[in-house]
Amino acid sequence: MRLYVIRHALPDYNQPGVYHRPPGPGLTEQGLQQAAALVPLLRGTNIQRLVVSPLLRCRLTAEPLAQALNLDMETDEDVIDQQPEEKLADVNVRMLRAVLNRCDSQVVAVVSHAAPLENLLKTLTRNTVKLPERDRRGCYLREGSVWRAVLHEGQWEANLLPVDGYRC
């Protein structure tokens, strides 16, 4: 199985409303450009399923990819952002459930949020994934970043894909 872990593109942090609950903020112009950049990056990857958080910033990030690959976006509450009252262990359970529910597909992409995706990568790789330094908001995964996780001989390996057009 191959899993593409995609953090949503740059949201408009200045929009009113609750950040962690639907609909949440949309994307900035830069975020829309980041979302469009996913298409050439992931066009040749044979993604079969596109799983998306119900928050607007994730749906807007996934839309260009869904259109280009002629895929439906599968909205899944399990990949929503970590809620303020939610324990990290509960986030890990629901993220793993979301992946396991799609294990009948060879190649799956998940568009979600920094904390859930960071912990999914750590859990899958048994903490061997090498994450970059934290950004200005304290996140390891940058907005619009894509990680490829591959299950090989019972062990997951994950790598950050460069935005310059990496092909699988």
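Before reading on, note that the structure itself is shown above.
Notes on the structure follow. (Residues numbered from 1 in each chain as written. Predicted model: local features only at pLDDT ≥ 70, side-chain atom pairs only at ≥ 80, totals over all residues. Heavy atoms only, no water.)

**Description of the layout of surface pockets**
Then step 1. Each pocket or cavity is described by its volume, and for the largest pocket that value is around 280 Å³.
Then step 2. The dominant element in the lining of the largest pocket, judged by the number of residues it contributes, is helix α4 (residues 114–124), at five residues.
Then step 3. Across the lining of the largest pocket, the residue classes tally to seven nonpolar, seven polar and seven charged. (1 Å grid on protein atoms, 1.4 Å probe; cavity = no way out; pocket = protein on both sides within 12 Å on 5 of 7 lines; lining within 4 Å. Points joined across faces, edges and corners; volume = space filled by probe spheres on them. Helix = DSSP H or I, 4+ residues; strand = E, 2+ residues; numbered from the N terminus. Nonpolar A, V, L, I, M, F, W, Y, C, P; charged D, E, K, R; others polar.)

**Topic: the pairing of strand β5 (residues 146–152)**
Then step 1. Bridge count for strand β1 (residues 2–7) against β5 is five bridges, and the pairing is antiparallel. Opposite Leu3, over in β5, you have Ala149 as the bridge partner.
Then step 2. Here β5 pairs with strand β6 (residues 155–160) via six bridges, running antiparallel. Residue Ala149 lies in a different strand from β6, and its bridge partner there is Ala158. (Pairing = 2+ DSSP bridges.)

**What to know about the pattern of salt bridges**
Then step 1. Per the stated rule, a full pass over the model turns up 11 salt bridges.
Then step 2. Among the ionic pairs, Arg57 bridges to Asp81, the shortest N-O distance being 3.3 Å. Note that Arg57 is positioned in helix α2 (residues 56–69) and Asp81 in the loop between β3 (73–75) and α3 (88–100), a separation of 24 residues in sequence.
Then step 3. By relative accessible area, Arg57 is classed as buried at 0%.
Then step 4. A salt bridge links Asp78 to Arg97; the nearest nitrogen and oxygen atoms lie 2.7 Å apart. With Asp78 in the loop between β3 and α3 and Arg97 in helix α3, this residue pair connects regions lying 19 residues apart in the sequence.
Then step 5. Note on Asp78: relative accessible area 12%, which makes it buried.
Then step 6. Connected through salt bridges with shared partners, the residues Arg49, Glu74, Asp76, Arg102 and Asp104 form a single ionic network. (Salt bridge = Lys/Arg side-chain N within 4 Å of Asp/Glu carboxyl O. Buried < 20%, exposed > 50% of the residue type's maximum accessible area, 1.4 Å probe, protein only.)

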